[in-house]
Amino acid sequence: CADLHNLPSASQAFANKKEYTWLVQNCAKFGFILRYPKNKTDITKIMFEPWHYRYVGRYHAEIIMQEGLCLEEYMSMIS
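Conventions we followed
- Residues numbered from 1 in each chain as written.
- Predicted model: local features only at pLDDT ≥ 70, side-chain atom pairs only at ≥ 80, totals over all residues.
- Heavy atoms only, no water.
- Helix = DSSP H or I, 4+ residues; strand = E, 2+ residues; numbered from the N terminus.
- Buried < 20%, exposed > 50% of the residue type's maximum accessible area, 1.4 Å probe, protein only.
- Contact = heavy atoms within 4.5 Å.
- Areas by Shrake-Rupley, 256 points an atom, 1.4 Å probe, with all protein chains shown as cover.
- Lys, Arg positive; Asp, Glu negative; His and termini not counted.
- Charge placed at Lys NZ, Arg CZ, Asp CG, Glu CD.
- 1 Å grid on protein atoms, 1.4 Å probe; cavity = no way out; pocket = protein on both sides within 12 Å on 5 of 7 lines; lining within 4 Å.
- Points joined across faces, edges and corners; volume = space filled by probe spheres on them.
- Nonpolar A, V, L, I, M, F, W, Y, C, P; charged D, E, K, R; others polar.
- Core = buried A, V, L, I, M, F, W, Y, C linked by side-chain atoms within 4.5 Å.
- Phe/Tyr/Trp six-rings, centres within 6.5 Å; stacked < 30°, edge-to-face > 60°.

### Points about the overall build of the protein chain
Here's step 1: If you tally the helices and strands in the protein chain, you get 4 helices and 3 strands.
Here's step 2: Taken from N to C terminus, the helices and strands of the protein chain fall in the order β-α-β-α-β-α-α.
Here's step 3: With the C-alpha coordinates of the protein chain rotated into their principal frame, the extents come out at 40 × 25 × 20 Å.
Here's step 4: Within the span of the protein chain, comprising 79 residues, buried residues form 37% of the whole.
Here's step 5: Across the protein chain, every contact between residues at least 6 apart in sequence was considered, and the portion connecting residues at least 24 apart equals 55%.
Here's step 6: Just so you have it, the protein chain exposes about 5,000 Å², and 54% of that area is on carbon and sulfur atoms.
Here's step 7: Seen as two clouds, the 9 positive and the 8 negative side-chain charges of the protein chain have centres 4 Å apart.

And the structure:
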């Protein structure tokens, strides 16, 4: 995993930055997913972390991000 942000410390305020928008739009091209999306806290049990990305490989990342899934949903889907 990688915590990516341009703030002094990790903060949900990162979601308001242009860098966050770029990351969400492009992370799958490099095999990463946004690990804890805002609309999936009921599933992940973790608060929204706009700075936290997980490497899953390009194939899986493209599906996860295109379908708007969190990792838990994707794992259930493929198992």
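### What about the layout of surface pockets?
Here's step 1: Counted as a void, the largest pocket has a volume near 150 Å³.
Here's step 2: Tyr20, Val24, Leu34, Pro37, Lys38, Asn39, Lys40, Ile64, Met65, Gly68, Leu69 and Cys70 together form the lining of the largest pocket.
Here's step 3: When contributions to the lining of the largest pocket are tallied by element, the ones reaching two or more residues are α1 (18–26) and α3 (58–67).
Here's step 4: Here the lining of the largest pocket is built from residues that sort into 8 nonpolar, 2 polar and 2 charged.

### Thoughts on the nonpolar core
Here's step 1: Core analysis: the largest hydrophobic core is formed by 9 residues, namely Leu7, Phe14, Tyr20, Leu23, Cys27, Leu34, Phe48, Trp51 and Tyr53.
Here's step 2: Broken down by secondary-structure element, the contributors of at least two residues to this core are α1 and β3 (49–55).
Here's step 3: Setting aside residues up to four positions removed in sequence, Tyr20 forms contacts with Phe14, Ala15, Leu34, Phe48, Pro50 and Tyr53.
Here's step 4: Ranked by size, the runner-up nonpolar core spans 8 residues in total, among them Ala28, Val56, Ala61 and Ile64.

### Examining the packing of aromatic side chains
Here's step 1: Applying the stated criterion to the full structure yields 4 aromatic pairs.
Here's step 2: Ring plane angle 35 degrees and centroid distance 6.3 Å describe the contact between Trp22 and Phe30, whose orientation is recorded as tilted.
Here's step 3: For Trp22, a relative accessible area of 45% translates into the label partly exposed.

### Quick look at the environment of Ile63
Here's step 1: Structurally, Ile63 can be placed in helix α3.
Here's step 2: The residues touching Ile63, leaving out its near neighbours within four places in the chain, are Tyr74 and Met77.

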